[in-house]
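The residues making up each chain are set out below.
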Amino acid sequence: VGQTLEREVAEETGVQGVHGTKAVGMVLANLRIPLTGDEDTVGLILSVWECRIPEDATITLSDEHSDYRWCPPTEAAELLQVKYPPDFCALVAAL
């Protein structure tokens, strides 16, 4: 999972050298994802990880994003409440 986190951070932000990764927790989202060609669905698990990036890192967002900002975990959790479940936001706030 750590390698997946490093790859995703690099793809989304352009930042290489993620380190100090630590799993904080997971939450099952209320959302169900339909399987292709089937009537079954699967759940979506949201993971919260703590990690560090190099101090001299430059953020270069992928085309999937338009903006970013640094903020304290409690503020990030408040902003995420619009889209994510309360249990997930609580994990973020506790960082």
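See the structure printed just above.
Criteria and cut-off values
Counting restarts for each chain, with residues numbered from 1 along the sequence as it is written. Owing to the predicted nature of the model, reporting of local features is limited to residues with pLDDT of at least 70; listing and counting of side-chain atom pairs is limited to 80 or more, with chain, interface and lining totals taken over all residues. The side-chain numbers reported here are obtained from all heavy atoms of the structure, hydrogens and water having been left aside. Definition of nonpolar core: a set of buried residues of the types Ala, Val, Leu, Ile, Met, Phe, Trp, Tyr and Cys, connected through side-chain atoms within 4.5 Å. Here's how the labels work: a residue is buried when its accessible area is under 20% of the maximum for its type, exposed when over 50%, partly exposed in between, all with a 1.4 Å probe on protein chains only. The numbering of helices and of strands both runs from the N terminus, where a helix is a DSSP run of H or I of at least 4 residues and a strand a run of E of at least 2. Any two residues whose heavy atoms approach within 4.5 Å are treated as being in contact. Polar contacts here mean pairs of N or O atoms no more than 3.5 Å apart (in protein, one a potential hydrogen donor and the other a potential acceptor; neighbouring residues in sequence count only if both atoms are side-chain atoms).

Explain the nonpolar core here, please?
The tendency in soluble globular proteins is for nonpolar side chains to be buried as a group. Val27, Ala29, Leu46, Val48, Ala76, Ala77, Phe88, Cys89 and Val92 together form the largest nonpolar core, which totals nine residues. Where this core is concerned, the elements lending two or more residues are β1 (19-34), β2 (41-52), α2 (73-80) and α3 (86-93). Per-element tally for this core: the top contributor is α3, with three residues. Excluding residues that lie within four positions of it along the chain, Ala77 makes contacts with Cys89, Val92 and Ala93. Core analysis: the next-biggest nonpolar cluster, separate from the first, contains five residues, Val9, Val15, Val18 and Ile59 among them.

I would appreciate a short explanation of the side chain of Thr13 in the present structure.
With respect to the element layout, Thr13 can be found in helix α1 (residues 2-13). Residue class for Thr13 comes out buried when judged on its relative accessible area of 19%. A polar contact is formed between the side chain of Thr13 and the backbone oxygen of Val9, at a distance of 2.6 Å. Apart from residues no more than four positions distant in its own chain, Thr13 is found in contact with Thr58, Ile59, Thr60 and Leu61.

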